[in-house]
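Architecture at a glance
Next come the chains, spelled out residue by residue.
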Amino acid sequence: MKTPISRLRTIGIYEGISYLLLLGIAMPLKYMFDMPLFVKYVGWAHGLLFVLYVLALLQVTLAHNWGFKKLAAGFIASLLPFGPFILDKRLLDKEEAALKAEHQKQMA
């Protein structure tokens, strides 16, 4: 988690997992089995991770001069159940391409 993008990717994975746990386990337990305690704790963790994700997204936007479209896409990804994982894959692909280009530049 040394770079803004690596922080965003890491927080995004945890935020995505917490969202899936909230939607897939905690909410059904609350409404089908009258067990609201899981929603309280998983929801609290997800809320904290969501705030950290938005802060990390803003940091990446400022550090890499992302435009409004990328910022909005990153935010929308956080609202979709598998969005953070899709964003992570795209960021990883771009990061690997940049590292490969940098390595080829050094070799030349």
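Numbering of residues starts from 1 in every chain and runs along the sequence as written. Selection of residues for local features in this predicted model requires a pLDDT of at least 70, selection of side-chain atom pairs for listing and counting requires 80 or more, and totals for whole chains, interfaces and linings are taken over all residues. Neither water nor hydrogens contribute to the side-chain values; these are computed over all heavy atoms in the structure.

**Quick word on the overall build of the protein chain**
Across its full length, the protein chain holds 4 helices and 0 strands. The helix and strand sequence of the protein chain, counted from the amino end, reads α-α-α-α. Buried means the residue's accessible area, taken with a 1.4 Å probe over protein chains only, is under 20% of the maximum for its type, while exposed means over 50%, and partly exposed covers the values in between. Here the protein chain, with 108 residues, has 29% of them falling under the buried criterion. In this description, contact between two residues means that some pair of their heavy atoms is separated by no more than 4.5 Å. Long-range contacts, defined as pairs at least 24 residues apart, comprise 67% of the intrachain contacts of the protein chain with a sequence gap of at least 6. Of the side-chain charges in the protein chain, 12 are positive and 7 negative, and the distance between the mean point of each set is 5 Å. Numbering of helices and strands runs from the N terminus; a helix is a DSSP stretch of H or I covering at least four residues, while a strand is a stretch of E covering at least two. Charged residues are defined here as Lys and Arg on the positive side and Asp and Glu on the negative side; His and the ends of the chain fall outside this count. Working definition for charges: the position is that of NZ of Lys, CZ of Arg, CG of Asp or CD of Glu.

**Points about the UniProt feature "domain: DUF3817" (unreviewed entry) in the protein chain**
As annotated by UniProt and renumbered to match this structure, "domain: DUF3817" (unreviewed entry) occupies residues 6-91. The straight-line gap between the two end C-alpha atoms of residues 6-91 is 9 Å; of that span, 88% is helix and 0% is strand. UniProt positions are given in the numbering used here, feature names are shortened, and annotations may be inferred rather than shown by experiment.

**So, a nonpolar patch on the surface**
On the surface, W44, L48, V51, L52, L55 and L58 cluster together into a nonpolar patch covering about 590 Å² of accessible area. Relative to the helices and strands, L52 resides in helix 2 (residues 37-63). A residue is classified by how much of its surface remains accessible, and L52, at 35% relative accessible area, is partly exposed. Surface patches are drawn from residues lacking salt bridges whose relative accessible area is over 30%; two like charges belong together within 9 Å, two nonpolar side chains (Val, Leu, Ile, Met, Phe, Trp, Tyr) within 5 Å. Using a 1.4 Å probe, the Shrake-Rupley method yields the accessible areas, and only the shown protein chains count as cover for residues. Definition used for salt bridges: Asp or Glu carboxyl oxygen within 4 Å of a side-chain nitrogen of Lys or Arg.

**A few points about the UniProt feature "transmembrane region" (unreviewed entry) in the protein chain**
Here, UniProt's "transmembrane region" (unreviewed entry) annotation points to residues 12-29 and 41-58. Taken as a whole, residues 41-58 contains 100% helix and 0% strand, while its terminal C-alpha atoms sit 26 Å from one another.

**Some points on helix 3 (residues 68-79)**
In this scheme, a helix's expected span is set at 1.5 Å multiplied by one less than its residue total. Its 12 residues give helix 3 an end-to-end C-alpha distance of 17 Å, which sits within 8% of 16 Å, the value for a rise of 1.5 Å per residue. If you check which residues of helix 3 are buried, you get G74, A77 and S78. Taken around the axis of helix 3, the buried residues stretch over an arc of 100 degrees, which confines them to a single face. For helix 3, the exposed residues lying more than 90 degrees away from the buried face are F68 and K69. Elements that come into contact with the buried residues of helix 3 comprise helix 1 (4-33), helix 2 and helix 4 (83-107). The arc in question is the one traced by the directions running from the helix axis out to the C-beta atoms.

**Observations concerning the packing of helix 1 against helix 2**
When two helices pack together, their arrangement is captured by the angle between the axes and the distance separating the axes. Angles run from 0 to 180 degrees between N-to-C directions of axes, and those axes are lines fitted to C-alpha atoms, restricted for helices to the stretch in contact. Following both chains from N to C, one finds helix 1 and helix 2 inclined at 155 degrees, their axes separated by 8 Å at the closest point. In this view, helix 1 runs roughly antiparallel relative to helix 2, as classed from their interaxial angle. Like other packed secondary-structure pairs, helix 1 and helix 2 cross with a definite hand, here left-handed. When the residues that make up the contact of helix 1 with helix 2 are grouped by side-chain class, the tally is 22 nonpolar, 5 polar and 3 charged. The scheme is simple: roughly parallel for angles under 35 degrees, roughly antiparallel for over 145, roughly perpendicular for 65 to 115, oblique for anything else. Here a crossing is called left-handed whenever its near helix is offset anticlockwise from the far helix by less than a right angle, and right-handed whenever the offset is clockwise. We call Asp, Glu, Lys and Arg charged. Ala, Val, Leu, Ile, Met, Phe, Trp, Tyr, Cys and Pro are nonpolar, and the rest, Gly among them, are polar.

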